[in-house]
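Here is how the chains run, residue by residue.
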Amino acid sequence: MIHNDHPRYESLKLRAKVVEAYKNGILADSGMIAHGRGEAFDYLLGEKTSSNAKKAIKASAAALILAKNPVISVNGNTAALVPNEIVTLADELHAKIEINLFHRTHERVSNIEKLLKEAGAKNILGTDQEEKVSIRGLEGPRATTSKDGVYIADVVLVPLEDGDRAEALIKLGKLLITIDLNPLSRTAKTATITIVDNIVRAVPNLIEAVKELSNVDPTTLHQIVKGFNNKKNLQESLQKISKKHTGKVKT
Ligand code: PTJ
């Protein structure tokens, strides 16, 4: 039992969620290690959504609204932390949801499918019942994708992605949006748009941004996407980390 007056209450609550998801066969064991790495960066970033993360969220919302075939890729950590929010976001965007696991097992795929269905998702791609196609340049289970999902998508949201897959998806011409607290990760550097924020804050903020921009004209949306510079945005995150711990900085 975590008391809500504990100074690290929010962070401990997320840890408990992650451990629970591991016990329920949703999260990979290494998903807990990945969470710990994210937690460390979140601590360094001040555990709130920065102004540059807000810019990345706005650009992501614009790109997802403009997409002809948007797909949200879900792994164990995403399913553990934001299952309801992912379903809401997919509904807002009329996007598909696809399960894509790095440490793929039949049991985890079916547990995540059940969890997302309980959260209200009607159609889930990437399950074991479905025929898959391989992504060029990758091997093993993470190389496969639904032929109706990521394979044909123009814009893919892949939170907490691994670097190899991110590079392969970019080579296939996808506009790749990721959510990654580590601004130095290969995925963060490879993606078209990286939201350097905790997924538990980023996805609700993304839902709000999609609602706000839903009636904006396509020309303006294109300008928002074109005006976003991922490299510069990642540098701003790094500057925030260093200035935060050596002097004053606006978050
Ligand atoms: O469920 P699976 O089998 O697909 O496996 C998923 C993991 C996350 C275990 C797998 O993709 C993996 O090993 O990922 P990495 O390479 O450890 O990358 C995870 C990235 O996500 C790291 O850069 C972390 O800093 C970041 N991260 C962790 N927790 C969060 C996060 N970013 C945003 N929000 C978080 N809560």
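Residues numbered from 1 in each chain as written. Predicted model: local features only at pLDDT ≥ 70, side-chain atom pairs only at ≥ 80, totals over all residues. Heavy atoms only, no water.

1. Focus: the overall build of the chain
What counts is decided by this rule: By definition, any uninterrupted DSSP run of H or I lasting at least four residues is a helix, any uninterrupted run of E lasting at least two residues is a strand, and each is numbered from the N terminus. Only C-alpha atoms enter the radius of gyration; for comparison, a globular chain is expected to reach 2.2 Å times N to the power 0.38, where N is the number of residues. The classification of residues rests on relative accessible area computed with a 1.4 Å probe and restricted to protein chains. Under 20% of the type maximum is buried, over 50% is exposed, and intermediate values are partly exposed. Contact between two residues is taken to exist if any of their heavy atoms lie within 4.5 Å; hydrogens are not considered. The accessible surface values rely on the Shrake-Rupley method and a 1.4 Å probe; as for residues, cover is taken only from the protein chains in view. When charges are counted, Lys and Arg contribute as positive and Asp and Glu as negative, whereas His and the chain ends are disregarded. One atom stands in for each charge, and that atom is NZ of Lys, CZ of Arg, CG of Asp or CD of Glu.
Within the chain one finds 11 helices and 8 strands. Here the chain has a C-alpha radius of gyration of 17 Å; the compact-globule value for 251 residues is 18 Å, and the two agree. In the chain, buried positions account for 51% of the 251 residues. Here the contacts in the chain between residues at least 6 apart in sequence split such that 63% fall between residues at least 24 apart. Surface exposure of the chain reaches about 12500 Å², of which carbon and sulfur atoms provide 52%. Distance from the positive charge centre (36 side chains) to the negative charge centre (30 side chains) of the chain: 7 Å.

2. Quick word on the nonpolar core
Short version of the rule: Only buried Ala, Val, Leu, Ile, Met, Phe, Trp, Tyr and Cys residues count toward a nonpolar core, and they belong to the same one when joined by side-chain atoms within 4.5 Å.
Within the largest apolar cluster, 52 residues are counted, with the highest numbers of intra-cluster contacts made by L89 and L116. Take this core: its biggest share by element is 8 residues, from helix α9 (residues 199-213). Once residues within four sequence positions are removed from consideration, L116 is found in contact with V74, P83, V87, I97, I99, A121 and I124. With 13 residues, the next largest nonpolar core counts A143, V150, L169 and L176 among its residues.

3. As for the pairing of strand β2 (residues 96-99)
What counts here: The pairing criterion is simple: DSSP has to find at least two bridges between the two strands. Crossover handedness is defined here as right-handed if the route from the first strand over the helix to the second strand goes clockwise, with the strands pointing away from the viewer.
Pairing of strand β1 (residues 70-74) with β2 involves 4 bridges; the strand directions are parallel. The partner of S73 across the bridge, within β2, is E98. The pairing of β2 with strand β3 (residues 124-125) spans 2 bridges and is classified as parallel. Looking at β3, one finds that E98 is bridged to L125. Read from β2 through helix α6 (residues 106-118) to β3, the crossover connection turns out right-handed.

4. With respect to α9
Formally: How far a helix is expected to stretch is found by multiplying one less than its residue total by 1.5 Å.
For α9, which comprises 15 residues, the first-to-last C-alpha distance of 20 Å matches the rise-based estimate of 21 Å (1.5 Å per residue) to within 8%. Within the span of α9, buried status applies to I199, R201, A202, V203, L206, I207, A209, V210 and L213.

5. Description of the sheet that holds strand β7 (residues 175-179)
Short version of the rule: To get an axis, fit a line to the C-alpha atoms, keeping to the stretch in contact for a helix; angles then go from 0 to 180 degrees between the N-to-C directions.
Read across the open sheet, the 6 strands follow the order β3-β2-β1-β6-β7-β8; overall the sheet is parallel. Of all strands in the sheet, those bounded by a partner on one side alone are β3 and β8 (193-195). Running over the sheet, helix α5 (residues 83-93) touches β1, β2 and β6 (155-157) and is turned about 170 degrees from β1.

6. A look at the side chain of R108
This is how the line gets drawn: The salt bridge criterion pairs a side-chain nitrogen of Lys or Arg with a carboxyl oxygen of Asp or Glu, the two atoms within 4 Å.
Within the element layout of this structure, R108 appears in helix α6. Buried R108, no salt bridge; nearest opposite-charge side chain is D29, N-O distance 7.4 Å. Ignoring any residue separated from it by four or fewer positions in sequence, one finds R108 in contact with G25, I26, L27, A28, G76, L101 and H103.

7. Observations regarding the site of the ligand
For clarity, the cut-off: Definition of nearness: a residue and a molecule or strand are near each other if at least one heavy atom of the residue lies within 4 Å of the molecule or strand. The term polar contact refers here to a pair of N or O atoms within 3.5 Å; inside protein, the definition further demands a hydrogen-donor-capable atom paired with an acceptor-capable atom, and it admits residues adjacent in sequence only when both atoms are side-chain atoms. Residues are called lining when one of their atoms sits within 4 Å of a cavity or pocket point, these points coming from a 1 Å grid over the protein atoms alone, where a cavity is a set in which a 1.4 Å probe fits but cannot get out and a pocket is an open set with protein on both sides within 12 Å along at least five of seven lines. Put plainly, a molecule is in a cavity or pocket when over half of its atoms are within 2 Å of the grid points there. Each residue is assigned to one class: nonpolar for Ala, Val, Leu, Ile, Met, Phe, Trp, Tyr, Cys and Pro, charged for Asp, Glu, Lys and Arg, and polar for all the others, Gly among them.
What surrounds the ligand is a group of 22 residues, the closest being R37, G76, F102, H103 and R108. H103 has a polar backbone atom sitting 2.8 Å from an oxygen atom of the ligand. Separating an oxygen atom of the ligand from a side-chain N or O atom of R108 is a distance of 2.7 Å. Relative to its unbound accessible area of 750 Å², the ligand is 92% covered by the protein chains. Judged by the fraction of its atoms near the pocket grid, the ligand is located in the largest pocket. Ranked by residues supplied to the shell around the ligand, first place goes to helix α2 (residues 29-44) with 6 residues. Grouping the amino acids of the shell around the ligand by side-chain chemistry returns 7 nonpolar, 11 polar and 4 charged.

8. Regarding unusual backbone geometry
Of note, E47 is a non-glycine position whose phi angle comes to about 55 degrees, a positive value. Relative to the helices and strands, E47 resides in the loop between α2 and α3 (51-66). At L160, a residue that is not glycine, the phi angle is positive and equals roughly 50 degrees. Tracing the chain through its elements places L160 in the loop between β6 and α7 (163-171). Take L160: its relative accessible area is 31%, and that puts it in the partly exposed class.

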